[in-house]
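Architecture at a glance
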Amino acid sequence: MRAKQTAERRGLSLELLVHGVGGTTPQEMLGDPRTTRVTGDHTAAIHRRGEDADAEQRPRDYAEKPVPEAYCWSNLTSGNSARALWLLLLPFMVVNLAHWMRPDSGTGSAGPGSRAVRAHGLIVRLLALSLTVLLVAGACEVALDLVAWQCAGNPECTRDRAWLGFLTQHPEGGGWWSQPGRRLALAALLPAALTALMWWLSHRTWSAYESQQPLRRPIAEDEPAANGRPALCLPGFWYGRRLVSRLRAAHTAAGFLTVAAALTAAATRHDREPGGPAALDVLGWALATVILLGACGVVYVVCRRGSKQSEPDDRVDRFAVRALPGAAIAVAGLAAVYACWSRPGWASGATLPGDETFGVLAVVQGALAAALAVTGLLLYRERRVPRTALTGLAPAAVAMLACGLGGLMTGGVAQRVGDWLDGSGSDGLIAGPPVLLTWQASAIPVLLLVVLALLGWFSFQLVRRAQRLREQVDADYPGELPDESRSRRIGGAIARAELTDRAPWLVGTVALIALLLGGVAVLGTLLTGKTPGGAADGAPALIDGAADTVQALGSWMIGFAFLAFLTWGRRAYRDASARRTIGILWDVGTFWPRAAHPFAPPCYAERAVPDLAWRMATWTRQQPGGRLVISGHSQGSVLAASAAWQLDPVTRRQIALLTYGSPLERLYGRWFPAYFGPAALRTLHGDVDCWRNLWRSTDPIGGAVLPGHDHPGGSCRVDQGPLRDPLVYGRTDAHPLPEPILGHSDYQADPAFGAARDALLAHLTPPTEAAGQLPAQERRDADGDRAAEPGEWEGPAQGESGGRSSG
């Protein structure tokens, strides 16, 4: 009776559930088909069971149990069908991840004094800019070169294509649009429309993401990141309005300037020939100068420092945001007018001037990736954080993969369109795409062989590891009759889960091979000027045959990959289940703000983290004696931890954190050590009232969050695991049917979940009790048979049952 009175005096207890990747309905999270929305909208909202909607008016009914709430955020990444267009932005998303992967240099994130930290951000932003130029240049290659220049300039190519008839150039003349410059100006609408589409997608998502106001609070003197506080605690971290708008303006201008450069380069080459019109020659030089100055302005805007994170930055760089894209559009329009000027003697030749752009971009991207690798190693040497992915080389490896994806998309489109326009390819109707793109496509079969070899090696290691784990599995279930098949399945699940820890070296190896093959492609193009098959003519039969084979396979594979990409996007546009699958990719890849590439898919955490922080802060103010446990699964645990960092220190001490299947250390701590490294997680552990983390050996995503960390006096033990999976080895009276291997799912079905949650609620001490307003005997009665001693926090050990399950 006294324990119940004490619980009533404490106030309500709240359990705030946050789901993981892929999304979960409120009904599934709360275990009740009848739920009601408490606050929020159709995109992200907090739900309760119908019977708990008015829990605040009936506190006595919840004296001994928490009020469960579910925060559902899945529509942030897999909502309407228009989000299928985000597939086009995949390379931008990957390069944006590289920005946040920098090693932890220990200099802080609010105003880092390390030159290497600043150089890291600058290099990634320049790489991101090169990807925008590459994508627009690829569109220019298809529309301007292959269609308007090569095919429309050859009557044989347009013979069966009536839609190109009005552009066709005949020996005896043609219509108004048949002049090469006018054809190019008309075709330039496609890359210009692509640039406008990327701007629209980025701007459209601004209102739903970057414009969301974060929880505003003053920063205590001991909180700045310069004093060792994590960057995620800064109020402006999840508010990227100023930075994204500035970068969006720069990348939009870069796209239109690329179109202007393609038009100007073609026309000026003709005007500079002997006997060309002097006035047009001067105009061409002037346009080229203006384009160059505009490019310098774009690079300057991109190179500027990032956003201010110590407080929400509401300012907007209006001159850059408005003037830069407008000026670039005006320059592109002038270039179109310049190209349309009548030039009766102008005839299109083999390839459009400017094909060397792809070679220049490849060299620039390779050099920037190498510089990023050097910067990462320097940062890692400053502070060798254990378990950092690839010892500081992860940003460079991921940036190389982003460049590879960008090359796959541009090269795939060019190869498919070139083959389509050329028919079977035997007639030689058009010259085809640039030679470099053919070399890059030919490198794909070689890279695929390397990847298959690595996967074969990992598979071999997996089988050996699973065999060695059989004895360990039998030891984990003492007293059970050994079953070789059952032990092999459990051991295999554990071995497959351990492959996650080897993923960095797979990514690093693939990135290194891609860099080397890219260098070979550039050298092959420069030295021979021919395709791989043409360059190998006259070589020994083995080399000649291999070159022809990889060229044919590469062209087919890159085209097939792009077609599969388009098919997946089309299916996602129409099929909600496929759209949800794409949403899972964005759940992982779009957690971070768009600090490097403004055309990347939007950061859903800029909506989800403030939502959770606002909910926790307002609830603790309304319930001063209440207790709050925020419970996050998988990616939800990352959101929960990020939201806890956004609270003020006093509120942070009023909540407890329950995570399960959490990638906080295993993925985020290794790949993003500057933000989720051991020091940051230890700080969070000390800031919240208590933290409990559940994990399984069979889970390929979740793991311990503070492995090997000793817990000083006054703090509770965080990691609880590995939990038994399956809970029961064989058939028993209580479990007559075989129990499944759960892996990453259904943590709430484990009795350890209910026990951990109840222990967290019992451990939480409201401010009134901390001030000594409750007698010690009442505190002991409220917490159970006895109060926990400092540093002690008991819970179910591995394999124990107890408590109650919420599953």
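Right, let's get into the pattern of salt bridges. Inspection of every chain in the model, using the stated rule, returns 23 salt bridges. Of the charged contacts in the structure, one is a salt bridge between Arg 48 and Glu 69, with a shortest N-O distance of 2.7 Å. Of this pair, Arg 48 sits in strand β3 (residues 45–49) while Glu 69 sits in strand β4 (residues 67–72), and the two are 21 residues apart along the sequence. With a relative accessible area of 0%, Glu 69 lands in the buried category. In this structure, the salt-bridge partner of Asp 52 is Arg 49, at a minimum N-O distance of 2.7 Å. Here the salt bridges share partners, and the residues they tie into one network are Arg 48, Glu 56, Glu 69 and Arg 615.

With that settled, the discussion passes to the packing of helix α13 (residues 394–421) against helix α16 (residues 503–528). At their nearest, the axes of α13 and α16 sit 9 Å apart, and the two run at 55 degrees to each other. Accordingly, the angle class assigned to the pair α13 and α16 is oblique. Here α13 and α16 pass one another in a crossing that is left-handed. From α13, Ala 397, Met 400 and Leu 401 reach across to α16, where they touch Val 507, Gly 508, Val 510, Ala 511, Ala 514 and Leu 515.

What follows covers the side chain of Glu 665. Structurally, the position occupied by Glu 665 is in helix α23 (residues 664–671). Judged by its relative accessible area of 11%, Glu 665 is buried. One polar contact links Glu 665 to Arg 387, side chain to side chain, over a distance of 2.7 Å.

One open sheet accounts for eight strands, arranged β2-β3-β4-β1-β5-β6-β7-β8; its pairing is mixed. Looking along the sheet, the strands with just one partner apiece sit at the ends: β2 (35–40) and β8 (719–723). Across the sheet, the axes of successive neighbouring strands diverge by a mean angle of 20 degrees, strand direction being ignored. Bridge analysis of strand β1 (residues 13–18) against β4 gives five bridges, and the strand direction is parallel. By the bridge assignment, Leu 17 is partnered in β4 with Ala 70. Against the sheet, helix α21 (residues 635–646) touches β1, β5 (627–633) and β6 (655–660), its axis set at about 140 degrees to β5.

In contact at an axis separation of 9 Å, helix α14 (residues 435–476) and α16 are set at 155 degrees when each is read in the N-to-C sense. With respect to their mutual orientation, α14 and α16 come out roughly antiparallel. Considering the relative orientation of α14 and α16, their crossing is right-handed. Residues Val 435, Leu 436, Trp 439, Gln 440, Ala 443, Val 446, Leu 447, Val 450, Val 451, Leu 454, Leu 455 and Phe 458 of α14 form the contact with α16, whose own contacting residues are Leu 506, Thr 509, Val 510, Ile 513, Ala 514, Leu 517, Val 520, Ala 521, Val 522, Gly 524, Thr 525 and Thr 528. Among the residues forming the contact of α14 with α16, the class breakdown is 19 nonpolar, five polar and no charged.

Criteria and cut-off values
- Residue positions within a chain follow its written sequence, with the count starting from 1.
- Reporting in this predicted model follows two pLDDT cut-offs: at least 70 for local features of residues, and 80 or more for side-chain atom pairs to be given and counted; totals over whole chains, interfaces and linings ignore these cut-offs and use all residues.
- Side-chain metrics in this entry use all non-hydrogen atoms of the structure; hydrogen atoms and water are not considered.
- Whenever Lys or Arg places a side-chain nitrogen within 4 Å of a carboxyl oxygen from Asp or Glu, that contact is recorded as a salt bridge.
- The way it works is that DSSP assigns letters per residue, a run of H or I at least four long becomes a helix, a run of E at least two long becomes a strand, and they are numbered from the N terminus.
- The rule is simple: take the accessible area with a 1.4 Å probe, protein chains only, and divide by the maximum for that residue type; under 20% is buried, over 50% is exposed, in between is partly exposed.
- Axes here refer to lines fitted to C-alpha atoms; in helices the fit is confined to the stretch in contact. Angles between the N-to-C directions go from 0 to 180 degrees.
- In this scheme, roughly parallel covers angles under 35 degrees and roughly antiparallel covers those over 145, while 65 to 115 is roughly perpendicular and the rest are oblique.
- We call a crossing left-handed when the near helix sits turned anticlockwise from the far one by less than a right angle, and right-handed when that turn is clockwise.
- What makes two residues a contact is simply this: any of their non-hydrogen atoms within 4.5 Å.
- Polar contact criterion, stated in full: a pair of N or O atoms within 3.5 Å, where within protein one must be able to donate a hydrogen and the other to accept it, and residues adjacent in sequence count only if both atoms are side-chain atoms.
- A pair of strands is considered paired only if DSSP assigns at least 2 bridges between the two.
- Under the scheme applied here, ten amino acids are nonpolar (Ala, Val, Leu, Ile, Met, Phe, Trp, Tyr, Cys and Pro), four are charged (Asp, Glu, Lys and Arg), and all others, including Gly, are polar.

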